[in-house]
Amino acid sequence: MKKRLTMFLAALFLCMGTALAQTKVTGTVLSQEDGQPIIGAAVKVDGTSTGMLTDVNGKFSLTLPHGKNQITVSYLGYEAKTVTAKNGMRVFLKADATSLDEVVVTAMGITRQQKTLGYSAQTLDNEQLTAGKLTDVTSAMAGKVAGVQINTTSSDPGQANSVIIRGISSINGNNQPLYVVDGVPLVQTNFRGTQKEQDQFSNAVGGVSNINPNDIENMTVLKGAAATALYGSRAANGVIIITTKTGKKNGERNFQISYDGSVSWRSVATLPKMQNQFGQGWNGKQTFIENGSWGPELDGSTQVYGPIWNHQQLIHKYEAVENNIKDFFESGVNTSHSVSLNGVSGDQKMTYYLSYSYTADNGILPGDKDTYKRNTIATRASYKATDWMKISANMNLAKTNTNTVAAYQGTSFIDGIMEFPRDLSLVDRKHLNSAFDTPEAWYTPYGITNPYWAIENNYNHNDAKQVFGKIQADINPIKQLTLTYRFGFDYTDYDHKLGYPQIALDDALINNDYGYAPSNMNQSGYVSDTYYRKYELNHDFLANFADKYVGGKLDLNVNVGVNINERNRNYMEGQTDDLTFYSGFWQLSNGATKTTLADYTYKRRLVGLFGDVSIGWDEMIYLGLTARNDWSSTLPKDKNSFFYPGATLSWIFTRLIPKNNVLTFGKLRAAFGKTGNDADEYRVYPNFLQAYSNGYYGSDLTKFPFNGVNAFQASSTIGSNSLKPEMTTEIEFGLNLALFNNRINIDFAWYNRTTDDQIFTLPVDPSTGYSYMVTNFGKVRNRGIELLVNTTPIQTKDFRWELGFNFSKNNNKVVSMPESLDGGMVNLNSFSAGSDAVYMRAVEGLPMGELFTYLPQYTADGKLIVDANGQPLKTTEVKDTGKNVNADWTGGVTTSLWYKGISLSAALDVRKGGYMFSRTKNLMQFTGNGEATIYNQRRPFVIPNSVHEDGTENVTPIYRSDGSYQTWFNDFGANEVGEFYLIDRSFVKLRNITLAYQFPKSLVSKLYLSDITLSLFCNNVFTWTHKANRYIDPEVSSYGNDLEGMFGELYSNPACRTFGFNVGLKF
Amino acid sequence: MKKLAIISTLILGLAATSCNNYMDINESPNSPKESDLNSSIVFPAAEMNLAGSYGDYLRIVGGYFAQYYVQTFGTSNYLDYSRFEQSATRSSSTYTQLNSRVLKSLQLVRNYAEQHEEWGDYLAATTLRAFTYQTLVDCYGEVPYTEALDATNATPHYDDGQTVYNGILAELNDALGKAKATDRVCTNFLFPGQPADAWIKFANALKLKILSRMGGSDAEIGALIEEGNFPAGDVAYQGCWGTESGAMSPFYAEEFATNWGSTQQNVVANIAIIGSMQVKDSDGGIVYDDPRLPAFFQKNGSGNYTGGISGTNFSTSSSYKSTYWCRPVASATMPVYLLTMSEILFFEAEYYARTGKADKAEIAYGAAVASSMATAGIDPAQALDLTVDYMAQWPYEQANYKKSIGIAKWIALAGVNPFEGYCELRRLKYPAFGSVKGTDMYNETDDASYQPNKYVAGTLYAPIKCFGPVGEGNLLQRWPYAESSSARNSNAPSFPGYTTPIFWAQ
């Protein structure tokens, strides 16, 4: 229905006939599919200029001039119908043969009919994007677009998403698509935690996350190189084109006011499965201060715990508090309101759109320490000054405030929770008014403290602002030619402040610390500030020539253009240590010792010259040719120019067969495209940086200036003055079919994408003098299929059922590595703790992201080899596990049911295969809290089927009492050694259910409104994980949102389920 | 309309012609230009990175592997070291720091110095380079050397230890040949404001250390000793440290300070060093109390010296908690020792012993112990008497000079340079493993089983749960090649095994 509403403007030829002699007829225009009235359909008396638009009930009333009785009824998306006018008539319009007649926005804002495209382009409309009422439009894409993988860093408020189209191509980090809003590229700015926070979160502070989903008209995903080549080097990972709403005439009114408001609640959805049999302790013995459950069996007796402070000690029942973690979380609330006004001027020359939105999100942590607030204002206006010139301007403002609770060791809350003994109650410790609820006498001094205290006293706040938009002029010197100039800008800044409190305990009131004093928790505290500014400017000059020849059979469309782009970011960081005021005063002046400041600037420019020719014959064959040449400032001066062409061919073969009711539409398409890419800034000349030295745990153990002396050292990365641009080449074949009058639509694509000469900062042996070398890296291939099937199994007057499937399978392979590596391998990400390590690597001949770790060793006949202590013998080096992070396939099912005004829709998302690193899993066995740690009821055992290296049988038991049982878990991963960190990433996720009710028009119009829609929704409804994953939602990541993030999670905050309701009003 | 088209074309044309300047913005404003750098700007970076690795990580692991340290109650950060386990990952960041920040910076300084013929700077950089390469060989046995520090070769070959040792000796001789005692030396923290003379003396002492370690020719060693142009005091980074974060002595900053979030206690004294410095009879009576002990370790919560057992953190104990154990003495301004007077004297003693000059050997042995006492802050007036006491407990035996020197040196380095203690332990093979094992002194299931009196002074013992591939009664002889090299460099050799000695310990 929404589409019909938005198409009011389509019939601009409206004029009221005044005639002389005359029969008056009235009638109703209805949709043949569902019998609903069509609002705004054009009804025209043939051979006259008389006509009108149908009203909200689909009714029209015409006076026929003498001798005229044929009327033509038309509406976009429906086949026009010419009928003889009769009073009280009902005209049923049939939907167009194919939705492929739909117009899509392609590269550089060029509009094309879907059916003419020689490449894959999938469009989501506003309704699909806003059904789940998600704050961020990228989340709304999940499961709906074939070949696109959405991952979230966590479900904390304001977290950024990862969007990867057709697998990972760039080993270098950035695999995110380019977002283009109304022709203007947006700078995707995610804020990741600082070094000290170990990158434990990724906040969205700019880019697409600041777009109010209600402002979006539609979003098109361009996947292949041929589709994206015109955008140049930045489009190598695909392009997501967002077209926002503009001012429209709304029926008889020149304007429309809409309101959309929703409230939703979120609650924790996934927590690790815990054991409830053993309580606080270590190595099998009861301890009063341990953070873990390696103690004796729970027996319900009354026990003390924690230190004796001021002659007092806490007591509790030694029994499982099964929900001690779950109860810690509260339900978060999200409210959002969006108001918009849009319309056209009385003379139709001016359009305007104005919207304001407000979103406030409070996460599941107690209190208001995990919050996200966003205010956006969007304005757009266009003015058609003359019939050959149109001026338009967009301006968008966004402001966000985020409070994040980063998860990491230290006094972090997630450690505090996950390591909490199974027999203690957490919710009883929330008041923070007793020494037992603060580090002073917290039950454990081992690096963690009361999570309530940690949340209250650590500070992590980000204020961000974004201004983006464009000014555009379109000129038509002749009808066929459009000249466009567009100035696009995007400015983002953020101020991030981080504060860790001072802890300065003297143990004066501690009577017994049970072996390890609370003062070991002392920290000097620090404040860190970052002021960050980033802008991007684009000048686009574009000439478009379109005409038809040979009686309309030859369709010619030519584009030529220039793009001039400048990107700049600079920031200043300050930090001060040894706080004077222990907590809450988060200014650099709080530091008792020295304050360090550093500033950085990065600037790059790119000039691109591009052209595109499309030739169509008889609406049957379309040939497209594109070419672009870029000059980039980031490449060596004499090699900074690079050229890349593309070609597409599509053949609508159904033009050759007679119209029939089985095969309604069919198109074969082929595309070849190349996309070149440049380097990051400053990767050519040697760089030096202010010197520092690291310790084993602490970074910047020694900082310059030091003792009055400043010093510089070579950057750990050496640039290269022989860099070549990297080149992505993609071949795609596709098939579009529409069957049974559009009841079944099939879109199939096969693609083969290779990225050559990737510009990669290659980790090298530090004995070269550098840890990284910028180089052109071998070749990575992604080859796969995408299948999208949309069906309408049932369609009657009142009832419609739509069912859609998407499936994609991508095979990733590292085809070759740089010669300089001589067959080596490259670490992409890693985790190491003590003698454990897990690496994600690129290895020639294997998929990107192969996982390596220390493995157990087996004899030829499959017996586990153990050492003298009866524990598994680990390999000396990390070995290939044969597991990697890539999915075997992904798929989705979407379905919608409509009955009268009621609609019910759901989206299911499936991912099969792939592995990830999970620190949470490891933590569950480190602490003895995890379900797995009650193996053999923790009784002594000899590892079954195990032998010593010399072949003799192993008879050394593993005991709880001497700690070797626990060591077997901690150091030897219960025989799996390093593989104990890995979990299967497969899941089936019921991502969304939405039930909506659109009030009948008759009722709505009585309220002087044009639409009322109420909806109930639930997101992340349920996730079924692989049976070996009893720990986390496999979509989360702790390492930001790209290739590195594919590695896995390091204590991620738990995933959430949200449910809520929404009210949409239109006036 | 045409006007607009013309204007657009003009703009495009202008953009194209000014393209070259417009595009020339790729030199980082965040980095000084290479031409603006000089030795005084780069050399301190090399020094602090060397001090950061040598004075912290290498001190810690050396301490565990030489049985100076064990892991305290309750925490387990370094428990693996305590069991003689070392992994490729554990040492990786230290390998990276020594190569890409120490040796790379020294290479820059040597280049500047050579260009400007500033031979004092050249000698200083060469001396620290030799020191660093020796350290790397002493950890790994083999490292890239002849093909190292060349950004055009991503996969440098490893050189065997002997080649590296020969190479750095030749480099030292070359630099010593170029520098004059009066040459000025760039900004540095080791000998601030002093001319090259101080570096010549240090280089000579380093040559003595290298030659002695590798079993070099006695003629060369003898000539060096004869010349006697050695430092007059300990060579150490001292006096430069402060109490602020980023300025503290590295070991203290990492293990004691509170700047990096909460600090966990890890390192406490081992029964081996405590039992050898405070020797008791079978009744527990103190037979000998080394005066250096208070300078090396703090007393425990009850005012006693206690030592834990390698391989355990007493986590199952209800009696032996963290306050039961003795932490090392450390302060924000503690020195990072590179080479002490005492070591020079021990090498001299060894030379005399080897060449049959027992009298001179014994004198040097005593002088080395006395010098060690001076380093430990003992009044020189008392040092002589105390050395006599020491030699009554640990007399010099010419017939078994390696044992005498080995034990004396192991004790002398305990609170000064645990990494060097670990190296000399492997070379001299003393202290040796006794018949008592860690499990004989504590069995982890029963507090009553803790019997430190079973320890025999001047011996090592097998850790509880000794790392399997090392095996009881063996030292960890070498470390797996650092992961940052072995995973990235296809020319990294395969690991010869944890118990295969480095060339100088064969």
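Owing to the predicted nature of the structure, the values given are computational and were not obtained by experimental measurement.

Novice: Is there a simple way to think about the overall build of chain B in this case?
Specialist: Per the secondary structure count, chain B includes 19 helices and ten strands. In summary, chain B has a C-alpha radius of gyration of 26 Å against a globular reference of 23 Å for 506 residues, a match within 12%. Counting only C-alpha atoms, chain B reaches 110 × 55 × 45 Å along its principal axes. For chain B, the residues scored as buried account for 65% of the 506 residues in total. When contacts within chain B are restricted to residue pairs at least 6 apart in sequence, those whose partners lie at least 24 apart make up 73%. When the accessible area of chain B is evaluated, it comes to approximately 16600 Å², of which 50% is carbon and sulfur surface. Of the charged side chains in chain B, 36 are positive and 51 negative; the average position of the first set lies 4 Å away from that of the second.

Novice: Which parts of the structure should I look at to understand the pattern of salt bridges?
Specialist: Charged atoms that come close allow side chains of opposite charge to pair. Residue and element names in this part refer to chain A. Summed over the entire model, instances satisfying the criterion amount to 55 salt bridges over all chains. Of the charged contacts in the structure, one is a salt bridge between K703 and D577, with a shortest N-O distance of 4.0 Å. Taken together, the residues K703 in strand β37 (residues 702-703) and D577 in strand β30 (residues 554-577) connect sequence positions 126 residues apart. One exposure class covers both K703 and D577, and it is buried.

Novice: Before we go on, may I ask you to explain the sheet that holds strand β4 (residues 59-64) of chain A in this structure?
Specialist: Strands in a sheet are paired, the pairing made by backbone hydrogen bonds, and the direction either parallel or antiparallel. Residues and elements named next belong to chain A. As summarised here, the arrangement of the three strands in space is β4-β1-β7, forming an open sheet in which the pairing is mixed. Each edge of the sheet is formed by a strand with only one pairing partner; in this case those strands are β4 and β7 (89-93). Ignoring which end each strand starts from, the neighbouring axes of this sheet average 35° apart.

Novice: Please clarify how helix α8 (residues 196-214) of chain B should be interpreted in this entry.
Specialist: Taking 1.5 Å per residue as the helical rise, α8 of chain B with its 19 residues ought to reach 27 Å, and the 26 Å between its terminal C-alpha atoms agrees with that figure. G215 of chain B sits one or two positions beyond α8 of chain B and adopts a positive phi of about 70°.

Novice: Got a minute to help me understand unusual backbone geometry in this structure?
Specialist: Following F704 of chain A, the chain continues into P705 of chain A via a peptide bond in cis, with omega recorded as 5°. If you trace the backbone, P705 of chain A turns up in the loop between β37 and β38 (712-714). For the bond running from Y430 of chain B to P431 of chain B, omega is 0°, close enough to zero to count as cis. Considering the arrangement of structural elements, one finds P431 of chain B in the loop between α17 (418-428) and β9 (432-433). Not every positive phi belongs to a glycine, and Y682 of chain A is a case in point at roughly 60°. Within the secondary structure, Y682 of chain A is located in the loop between β34 (663-677) and β35 (688-690). Classification of Y682 of chain A as buried rests on a relative accessible area of 6%.

Novice: Looking at this structure, I do not really get the packing of aromatic side chains. What am I missing?
Specialist: Given two aromatic rings, their pairing is described by the distance between the two centres and the angle made by the two planes. All names here are of chain A. For the structure shown, the criterion picks out 96 aromatic pairs over all chains. Ring geometry for F288 and Y514: centres 4.8 Å apart, planes at 80°, overall edge-to-face. Residue F288 is located in the loop between β19 (255-268) and β20 (302-309), and its partner Y514 is located in the loop between β28 (510-512) and β29 (526-549); the two are separated by 226 residues in the primary sequence. Take F288 and Y514: they sit in the same class, and that class is buried. When the ring of Y532 is compared with that of Y571, the centres are 5.6 Å apart and the planes differ by 25°; the resulting orientation is stacked.

Novice: Sorry, what's going on with the confidence of the model for chain B here?
Specialist: Detailed reading of the predicted model is not advised wherever pLDDT is low. Scored by pLDDT, chain B has a mean of 94; 95% of the residues are at 70 or more. Two summary scores accompany this predicted model of the complex, namely pTM at 0.86 and ipTM at 0.93.

Novice: Help me understand the confidence of the model for chain A in this model?
Specialist: All names here are of chain A. With 93% of its residues at a pLDDT of at least 70, chain A reaches an overall mean of 86. Here helix α1 (residues 2-6) stands out as the element of chain A with the lowest mean pLDDT, 40, in contrast to β38, whose mean of 96 is the highest. Scored below 50 in pLDDT, residues 1-21 shows 47 contacts in the model against residues more than four places distant or in partner chains.

About the criteria used
- Residues numbered from 1 in each chain as written.
- Chains lettered and ligands numbered in written order.
- Predicted model: local features only at pLDDT ≥ 70, side-chain atom pairs only at ≥ 80, totals over all residues.
- Heavy atoms only, no water.
- Helix = DSSP H or I, 4+ residues; strand = E, 2+ residues; numbered from the N terminus.
- Rg over C-alpha atoms; globule rule 2.2 N^0.38 Å.
- Buried < 20%, exposed > 50% of the residue type's maximum accessible area, 1.4 Å probe, protein only.
- Contact = heavy atoms within 4.5 Å.
- Areas by Shrake-Rupley, 256 points an atom, 1.4 Å probe, with all protein chains shown as cover.
- Lys, Arg positive; Asp, Glu negative; His and termini not counted.
- Charge placed at Lys NZ, Arg CZ, Asp CG, Glu CD.
- Salt bridge = Lys/Arg side-chain N within 4 Å of Asp/Glu carboxyl O.
- Pairing = 2+ DSSP bridges.
- Axes fitted to C-alpha atoms, helices over the stretch in contact; angles between N-to-C directions.
- Expected span 1.5 Å × (residues − 1).
- Phe/Tyr/Trp six-rings, centres within 6.5 Å; stacked < 30°, edge-to-face > 60°.
- pLDDT = per-residue confidence, 0-100.

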